[in-house]
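Descriptive structure summary
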Amino acid sequence: MSDARTLLSPAALGRPRGKAAYWTVFTGVLLLFTLAFLFPVYWMATGAMKSPDEVAQTPPTLVPAHWRLSAYTDAWDLMQLPEHLWNTVVQAAGAWACQLVFCTAAAYALSKLRPVFGKVILGGILATLMVPAQALVVPKYLTVADLPLLHTSLLNDPLAIWLPAVANAFNLYLLKRFFDQMPRDVLEAAEIDGAGKLRVLWSIVLPMSRPVLGVVSIFALVAVWQDFLWPLMVFSDTDKQPISVALVQLSQNIQLTVLVAAMVIASIPMVALFLVFQRHIIAGISAGSTKG
């Protein structure tokens, strides 16, 4: 096996000058990428603290002339953020729970139970990834507007978000690939001990799948939190709209600084979620690339 080649040889890195050059370049690149990612966040957060005239002036100011927090309190009250944030939490949590239950069950069945025509079913599921999401909007709307067999409308109901979210081919395939890599002998040992299929799934497969379940959870929550077109179509009642739709619908006659403050508040939950579960996200992504 040949040694990996780098710009600097190990001998050069061992010298004081080589170490200094290495750490200088490394620190510079790290600071550059950190600045590139954090500066937009800083610009948005401080933009809400400026006056409307200062936000619109050219050239823009890097630091507010006068720090104001009134835009955040105005956004919280005028745009009814608590109500719309709660609507978003309910819709995202329901979609997450439905995806976790049904996608996990379907992936486990396709991976370990191996049903008849399982490959054909999986191929049909993956084929939906080639259909643009915009092309499915009209069929989905007609379905939730008049639910087949039951003939009831799900408009202005969280179920209109939860049920379509279950049909997520990407998350299902991600779970199936993870289940495929699980050691077969572990599952067979549990079956020899008398565990049924559901007991194996609950007691062995799910505890071993925490990394990928964390990744799927993040994908499910972010997809609902940032979605705009579908909630706009199914929620005509303003009081039931999520934050992504409410920010647009209620932005009329609202000062720019208040709107920016509302965007900052709306982004805090997702940023906090990523910071809390970033270790699980990285573990889940790396787990899918190694054989169990």
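Heads up: the structure comes first, above all this text.
A brief report on the enclosed structure follows. (Residues numbered from 1 in each chain as written. Predicted model: local features only at pLDDT ≥ 70, side-chain atom pairs only at ≥ 80, totals over all residues. Heavy atoms only, no water.)

**Overview of the overall build of the protein chain**
Counting secondary structure elements, the protein chain contains 15 helices and zero strands. Relative to a compact globule of 292 residues, whose C-alpha radius of gyration would be 19 Å, the protein chain shows 25 Å and is clearly more extended. Each principal axis of the C-alpha distribution contributes one length, and for the protein chain these read about 75 × 70 × 35 Å. Burial statistics for the protein chain: of 292 residues in total, 33% are counted as buried. If you take every contact in the protein chain between residues at least 6 apart in sequence, the share linking residues at least 24 apart comes to 70%. Roughly 18,400 Å² of accessible area belongs to the protein chain as shown, and the carbon and sulfur atoms make up 69% of that amount. When the 19 basic and 16 acidic side-chain charges of the protein chain are each reduced to a single mean position, those positions are 18 Å apart. (Helix = DSSP H or I, 4+ residues; strand = E, 2+ residues; numbered from the N terminus. Rg over C-alpha atoms; globule rule 2.2 N^0.38 Å. Buried < 20%, exposed > 50% of the residue type's maximum accessible area, 1.4 Å probe, protein only. Contact = heavy atoms within 4.5 Å. Areas by Shrake-Rupley, 256 points an atom, 1.4 Å probe, with all protein chains shown as cover. Lys, Arg positive; Asp, Glu negative; His and termini not counted. Charge placed at Lys NZ, Arg CZ, Asp CG, Glu CD.)

**Some remarks on the packing of aromatic side chains**
Evaluated as defined, the whole model comprises five aromatic pairs. Summarising the aromatic geometry, the rings of tryptophan 23 and phenylalanine 26 are spaced 5.6 Å apart at their centres and angled 90° between planes, so their arrangement reads as edge-to-face. Here phenylalanine 26 and tryptophan 23 lie together in helix H2 (residues 16-47), a separation of three residues that amounts to about one turn. Taking the relative accessible area as the measure of exposure, phenylalanine 26 reaches 41% and is therefore partly exposed. A centroid spacing of 6.3 Å and a plane angle of 35° characterise the contact between phenylalanine 39 and tyrosine 42, whose relative ring orientation is tilted. Here the residue phenylalanine 39 and the residue tyrosine 42 both occupy positions in helix H2, the gap between them amounting to three residues, near one helical turn. Cation over ring: lysine 140 sits above tryptophan 230, and NZ or CZ is 4.5 Å from the ring centre. (Phe/Tyr/Trp six-rings, centres within 6.5 Å; stacked < 30°, edge-to-face > 60°. Lys NZ or Arg CZ within 6 Å of the ring centre and 35° of its normal.)

**A closer look at the side chain of asparagine 87**
Its place among the elements puts asparagine 87 in helix H5 (residues 81-113). Setting aside residues up to four positions removed in sequence, asparagine 87 forms contacts with Asp239, Lys240, Gln241 and Pro242.

**Some points on unusual backbone geometry**
Here threonine 58 and proline 59 are connected by a cis peptide whose omega angle stands at -5°. Despite not being glycine, arginine 114 shows a phi value in the positive range, around 50°. Structurally, arginine 114 is set in the loop between H5 and helix H6 (118-127). For arginine 114, a relative accessible area of 64% corresponds to the exposed category. The phi angle at histidine 151 is positive, at roughly 50°, despite the residue not being glycine. Within the secondary structure, histidine 151 is located in the loop between helix H7 (137-145) and helix H8 (159-166). Histidine 151 gets classed as exposed once you look at its relative accessible area, which sits at 60%.

**With respect to the environment of leucine 232**
Relative to the assigned elements, leucine 232 resides in helix H13 (residues 229-234). Those residues within four positions of leucine 232 in sequence are excluded, and the remaining contacts are Val245 and Gln249.

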